[in-house]
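# An overview of the molecular structure
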Amino acid sequence: MTKTISHWVGNKEFSGTGSGTAPVTNPATGAVTGQVALATVEDARVVIDAAAAAFPAWRDTSLAKRTQVLFRFRELLNERKGELAEIITAEHGKVVSDALGEVSRGQEVVEFACGIPHLLKGGFTENASTKVDVYSIRQPLGPVAVISPFNFPAMVPMWFFPIAIACGNTVVLKPSEKDPSASLWIAALWAEAGLPPGVFNVLQGDKTAVDELLTNPTIKSVSFVGSTPIAQYVYTTATTAGKRVQALGGAKNHAVILPDADLDLAADAMVNAGFGSAGERCMAISACVAVGPIADDLVAKITDRARTIKTGDGTKDSDMGPLVTQAHRDKVASYIDAGEADGAKIVVDGRTVTPNGGADGFWLGPTLIDHVTPDMSVYTDEIFGPVLSVVRVDTYDQALELINTNPYGNGTAIFTNDGGAARRFQNEVQVGMVGINVPIPVPMAYYSFGGWKNSLFGDAHAHGTDGVNFYTRQKAITQRWLDPSHGGIELGFPQNQ
C-alpha cells in the first residue's frame, strides 16, 4: 500500500483541495512507494497565506528566542539524522552513508544560523553631524520561497531555510516531487523544536506550484537550485515580479591533473568526485583534464578503482546507488552511447553493471570514457550521472582555456604539488569555487556557495554572509535629539515633590 505525501501548513499536514498526484518510487526496486500531492493554485495560496500570517509575530520574536529554537532544531537533527538519511535513500537512491553526509553538510548551515545575533549586528556612527547620529539595522524580507532539486532533498533546502528563519522570515519550501518525504520530516522536526505554526511550510507540486511562488506578490524572495534552463526561467520570472532571486544552475566541472601531481591521490579523487552520489550533484567532476604524458597512467589508476565500486541498493553493502528515475537513467546511458558513436573509448562501461539490487531498479554503473574531445556531447552537456570523461591536453594553458571558455563556472579543481602552479590557477580560472588537491570544493557554511557564468543567476550566493544579506534588507536611521537644556528632563538627582 502506497503512502500519500501531502503539504505542511500550520505545523501539521495539509491535504489540499487538488486531486492531482505524482508517483514516488524507490529507485533500487522501481516500485511505487507513494503518491505526492500536486498543488493547485488555490492550495499554493493557502500555504503562502499561512506564511504571511505568521510573519509579523516571528519578525518581532527576539533573537534570543529565535536562536533557542534553532539550537533545539540542531540538537534534534543531530540525534535523529539517521532517520532522515533512510528517507533520502528510499526515495533518491543514494547509499545511506552518502545520505548521512548530505545531512551533516546541511547541518553546518543550521549551526552557522545559530550565530545569527552576531551576524545581524548593524553599524553606528556618533556625531556624523553635530549631535546627529546615524546607524543601520537589518530587517527580514517577509515570506520567502525555497525551490529545491531532487539530488539533495535535505542539504540544499538547508542551505537556505535556517538562515531565512533565523533572520526573521517565514518560509515556503517546494521540494522536488521525485523525493518529497524528507521535507515533511524536516517540517515535523521544526514543530518539535518549538517553531511557531506558519513559519516553516511545505508546498508539494509541479510547475503550477512553482509559478505561483514566482509570481505571487506575497513572496518576497526565491532561492532555487536546479538546471540552468530552469534557473534562467526562475530568475527571469521572479525578478519581473519584483522579487529577490538567487538561482543556482547547472555545471560542467573540470579537474586539471598536472604532470607533477600525485596520481594515486588524483585517481582516488576522480572516482569519489565522478561517481559519488551516482554523479547526481552539481559539484561532481565530469571532465578529467590530463595534462602532458600522464594520461595513460592516470586512466589505468582510475580504471582499477572504478571497477571495484559496488553498485546496488543503498541500504545494502553498496558504494553507489541507482539513478533517481528510469527516464533519467536512460538519458544518462544515451550519452554513453553518443560518446561511443563519436569515437571516444569506453574504458569502464556502466551499462553492463550487475547490481546488488532489484531487477527493476534504475541501474547504471560507474562509466569511464577516454579520448573525449570538446565537440562531443558527452563533454559539452551536463550529464548528471556517473560518467567521467578524460580529455587529454598538452599544456596547462590548453586546460585553462577549456575551463574558461565553458559556459558554466560552478566548480573546478587542480591537482599538483607545485604551489606556484596552484596559485596561478586559482587566480586565472573563471569559476566560482576552486579546489586545490580537493575535488569537490564545497565551502564551509560560513563561506558562500555559488558559481559564475551560467551556473548562477542573481548576485547572492547561498549561505554565509551572502545568505544573511539576501534574507534581510538594510535600513539606515538618522537621529537627532535635543539636549535636555532645551526644556527636556532634569538630569540632576530625583527630588521628592
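What counts and what doesn't
- Residues numbered from 1 in each chain as written.
- Predicted model: local features only at pLDDT ≥ 70, side-chain atom pairs only at ≥ 80, totals over all residues.
- Heavy atoms only, no water.
- Salt bridge = Lys/Arg side-chain N within 4 Å of Asp/Glu carboxyl O.
- Buried < 20%, exposed > 50% of the residue type's maximum accessible area, 1.4 Å probe, protein only.
- Helix = DSSP H or I, 4+ residues; strand = E, 2+ residues; numbered from the N terminus.
- Expected span 1.5 Å × (residues − 1).
- Arc of directions from axis to C-beta.
- Contact = heavy atoms within 4.5 Å.
- Pairing = 2+ DSSP bridges.
- Domains from an automatic or database assignment.
- Buried area = accessible area lost by both parts, 1.4 Å probe.
- Polar contact = N/O pair within 3.5 Å; in protein donor to acceptor, adjacent residues only side chain to side chain.
- Nonpolar A, V, L, I, M, F, W, Y, C, P; charged D, E, K, R; others polar.

## Description of the pattern of salt bridges
- One pass over the structure, following the stated rule, counts 23 salt bridges.
- Here Glu177 and Lys174 are joined by a salt bridge, their closest N and O atoms 3.2 Å apart.
- In this structure Glu177 comes out as partly exposed when scored by relative accessible area, which is 25%.
- Close ionic contact of Glu428 with Arg424 constitutes a salt bridge, the shortest N to O distance being 3.0 Å. Residue Glu428 and its partner Arg424 are both found in helix α14 (residues 419–428); the two are separated by four residues, about one turn of the helix.

## So, helix α10 (residues 295–306)
- Over its 12 residues, α10 runs 16 Å from end to end, which matches the ideal 16 Å to within 8%, given 1.5 Å per residue.
- Turning to α10, its buried residues number three or more, namely Ala295, Leu298, Val299, Ile302, Thr303 and Ala306. Projected down its long axis, α10 shows its buried positions confined to an angular sector of 135°, all on one face. Across from the buried face of α10, at angles greater than 90 degrees, the exposed residues are Asp296 and Asp304.
- Buried residues belonging to α10 abut β13 (253–257), α9 (263–275), β14 (285–291), β15 (345–348), β16 (367–370) and β17 (387–393).

## Remarks on the pairing of β17
- With respect to burial, β17 is a largely interior element, six of its seven residues being buried.
- When β14 meets β17, the two strands line up parallel, connected through five bridges. By the bridge assignment, Val289 is partnered in β17 with Val391.
- By the bridge criterion, three bridges tie β16 to β17 in an arrangement that is parallel. Within β17, the residue paired with Leu368 across the bridge is Leu388.

## A few points about the domain arrangement of the protein
- For the protein, the assigned domains read domain 1 (3–250 + 450–477) and domain 2 (253–407 + 411–436).
- The distance between the C-alpha centroids of domain 1 and domain 2 comes to 31 Å.
- Taken residue by residue, the interface counts 24 residues in domain 1 and 33 residues in domain 2.
- Taken over both partners, the interface formed by domain 1 and domain 2 buries close to 2,100 Å², and the fraction arising from carbon and sulfur atoms is 60%.
- Summed over the shared surface of domain 1 and domain 2, the result is zero salt bridges.
- Along the contact surface separating domain 1 from domain 2 lie 10 residue pairs in polar contact (both at pLDDT 80 or more).
- For the side of domain 1 that touches domain 2, the element with the highest residue contribution is helix α2 (residues 63–92), accounting for three residues.
- Residues that form the side of domain 1 that touches domain 2 fall into these classes: seven nonpolar, 12 polar and five charged.

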